[in-house]
Amino acid sequence: MAEPLSVDDAFAPPGEPWHPVSPKLATARRLTLMLVTVPVLLVLGSTAFVAQARPVALALVAVTLVFTVWMWWLIGRRVRSFGYAERADDLLVTSGIMFRRLVVVPYGRMQLVDITAGPIDRSLGVTTVQLHTAAASTNATIPGLPPAEASGLRDRLAALGEQRSAGL
Amino acid sequence: MTEPQPIPGVGLSEPERRRHTHPLTPVVNSIRSVGILIGAVIVFGLGGIREAALAGGLAGVLAALSGVIVILGLTLGLSYLSWTRTEYFFDSSGDFRLDSGILQRSERRVTLSRLQSVDVVRPLLGRIVGLAQVRIEVAGGGDSRVVLSYLSEKDAQELRAEIIARAAGVGPGAGEAPEVVLATVPTGDLIVSLLLRSETFLLLAVSVLIVASIVLTEGAGGLFVLFLTGGLPLLGVFSQFMRYFGFTVAESPDGLRLRHGLASVQSQTVPPGRVQAIEISEPLLWRRRGWVRVSLTVAGLQSGQEEGQMGQVLLPVAPRDVAWRIINRVLPGVDPSAFQFEPAPPRARKRAWLQWGNLGVAHDDRVFVASRGFLTRYVAVIPHARTQSVGVTQGPWERALGLASVRVDTTPGPVSVVGLYRDAGQARAIAEAQLLRAASARASGPADRWMVPRVPPAAPPGAGAASPPVAPVEPIAPTPPAPDPEPPGAQPPVAP
């Protein structure tokens, strides 16, 4: 069997560049991060007033601060790594920095398109679009889409899916 | 569908005549519910019962057990009530209806035009008293399964025949579809194969290590641990033996019928149109004997049901040629011995030195194949038309080596089709090529209709062990990827 041709970059977008997601997703995730780490810092900080525990508490506070800063930066990078592209017959979604992923879902295989948004996402104006096929392993989730873009995408996907739907 | 005509050989019941399940049903159901309770009482309460007997005689024992008796009575009463309210019948449009429920009435209707399979299942408790269940599967997946418990064996078979007859409509092929046995698994082979499986060996090895270390450090007390840890792998072997005893594969017009089980006899119909992917596994210790196991992912069948992983093993163990023949029935035109694998690039050895020899992908005009595995070699086969989506993944180690893995997604089940650690650029090319093949297969493939009255297969399948696999597939030049798609009509003809 002859070798199939190779492409230069396994995660290159097809044609035009990847459609990015909204930077507000990064804001939303950072907000969630703060909601978790600030109480932790407060608790640790208050225990620092106890003399015996001070060195341990201060060490833990330092660790938490470093972790928070690192996650802050990481969130930005991860949000920038999300991308999607609509082709004639299928939809591509890519994500990840360390563990890069690309999934291609043919329109005819789509069974469900979900749009969800938690309270923080809603307040910042981003939603998550998730495509379902008959396969549980299809991981086509695009977070951070503004509601207008998300519902436009969903309508297009639903129409195309309807047109091309194949049996199981 | 108008008034059903009488079909010779199958008495159709009058429309809308409501029937009850067997009167012993509440008893069997109660035993199933409180059996654990009774067992616990016997195991833990024997001492207390003895004391009560010594103190107050029979009255004392009854008093001690009063709680259990009350619970038993309540369960029996509720089961009986539920039984009186459970009815099944064929409604005016010919569909099967099952009404049940005491407080909350549930009406389940099976649209016979979407019928996928009907099976008679004999769970252990029912078998003891000669009862069986009728299990009806409908196309659509999820919870579209209706189980009718319990009927007498004769009633169950008759009901099954009637449902099939009605689903097939008026005409030929009604009644119990004739069966041609294709393969059976001899008991001796089953036992040996289960003992030789890699999991069994590894568990035993681990047990021996644990026991040896305990005995060396603490002395004879470690022997007790032997019973615990040595028992586990043997328990696994035993339970698999009970499940797959007497495994028989038969062909009938409505698909492949699998029958197996020692205590509870399970029977399962696999309509070919529903098979999503198959997996051939070859444990290391089976290779000398040429044995393989074949598993299936079938759409719409649930795993982890009360019968365990029903319908997901096509053959627990079989010689290769038998397995290839059976696979041909499920995926016509596919010959696993003709797969020409393209191995992973040499630098993938650094990523997976143990698996490297088993890594490869292959494809022909019908299926895509991916192999992997270290001690056990797994070959996953998916027909192009069953491709759901494709994916490419790459972890940091793979990126450093310029590798990526290709995954072809399929419905939930034991089979996963992953081409591990290919060259990164090639992985993307393979994914795109597979999408094209999938699209053209869907466009040109047959419609998914089953349970349509079918002519039995022309060539008698029971023509002995010498019959060659149907339509050996010739090695075919691969479809070139995106820029130059090969038109679907230009595929080479397959040998008859």
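Remember, predicted model here, so these are calculated numbers, not experimental data. (Residues numbered from 1 in each chain as written. Chains lettered and ligands numbered in written order. Predicted model: local features only at pLDDT ≥ 70, side-chain atom pairs only at ≥ 80, totals over all residues. Heavy atoms only, no water.)

**Q** Can you explain the sheet that holds strand β6 (residues 145-152) of chain B? Please cite residues and give values.
**A** All names here are of chain B. Reading across from one edge, β4-β5-β6 is the order of the three strands in this open sheet, with antiparallel pairing throughout. Edge strands, defined here as strands with exactly one partner in the open sheet, are β4 (115-121) and β6. Averaged over all pairs of adjacent strands, the angle between their axes in this sheet comes to 15°, without regard to strand direction. Direction of pairing for strand β5 (residues 131-138) relative to β6: antiparallel, over a ladder of six bridges. Bridge pairing in β6 places Leu-131 opposite Ser-152. (Pairing = 2+ DSSP bridges. Helix = DSSP H or I, 4+ residues; strand = E, 2+ residues; numbered from the N terminus. Axes fitted to C-alpha atoms, helices over the stretch in contact; angles between N-to-C directions.)

**Q** Describe the pattern of salt bridges, with residues and values.
**A** Under the definition given, this model contains 23 salt bridges over all chains. For the salt bridge of Asp-155 of chain A with Arg-154 of chain A, the shortest nitrogen-to-oxygen distance reads 3.8 Å. A salt bridge links Arg-347 of chain B to Asp-423 of chain B; the shortest N-O distance between them is 2.6 Å. Placement of the pair is Arg-347 of chain B in the loop between β14 (342-343) and β15 (360-363) and Asp-423 of chain B in strand β20 (residues 417-423), with a sequence separation of 76 residues. (Salt bridge = Lys/Arg side-chain N within 4 Å of Asp/Glu carboxyl O.)

**Q** Could you give an account of the environment of Thr-25 of chain B, with specific residues and numbers?
**A** All names here are of chain B. Tracing the sequence through the fold places Thr-25 in helix α1 (residues 25-64). For Thr-25, a relative accessible area of 3% translates into the label buried. Once the C-alpha coordinates of Thr-25 and Gln-104 are considered, the two residues, 79 residues apart in sequence, prove to be 20 Å apart. Setting aside its immediate chain neighbours within four residues, Thr-25 contacts Trp-83, Ser-149 and Tyr-150. (Buried < 20%, exposed > 50% of the residue type's maximum accessible area, 1.4 Å probe, protein only. Contact = heavy atoms within 4.5 Å.)

**Q** Report on the environment of Leu-262 of chain B, specifying residues and quantitative values.
**A** Residues and elements named next belong to chain B. Residue placement: Leu-262 occurs in the loop between β9 (255-260) and β10 (266-270). With relative accessibility at 32%, the residue Leu-262 sits in the partly exposed group. In this structure the C-alpha to C-alpha distance between Leu-262 and Leu-124, which are 138 residues apart in sequence, comes to 8.9 Å. Leu-262 has contacts with Arg-127, Phe-241, Met-242 and Phe-245, leaving out every residue within four places of it along the chain.

**Q** Talk me through the pairing of strand β3 (residues 90-95) of chain A; I want residue IDs and the actual numbers.
**A** Within a regular strand, the side chains alternate between the two sheet faces. Residues and elements named next belong to chain A. Burial analysis of β3 places six of its six residues in the buried class, which makes it a mostly covered element. Of the two faces of β3, the one holding Asp-90, Leu-92 and Thr-94 and the one holding Leu-91, Val-93 and Ser-95 are both buried throughout. The sheet contact formed by strand β2 (residues 83-86) and β3 spans four bridges and is antiparallel. Counted as the bridge partner of Ala-85 is Leu-92 from β3. Linking β2 back to β3 in an antiparallel pair, the connection comprises three residues. The pairing of β3 with strand β4 (residues 100-106) spans six bridges and is classified as antiparallel. The residue of β4 that forms the bridge with Thr-94 is Leu-102. The turn linking β3 back onto β4 is made up of four residues, and Gly-96 within it adopts a positive phi angle of 95°.

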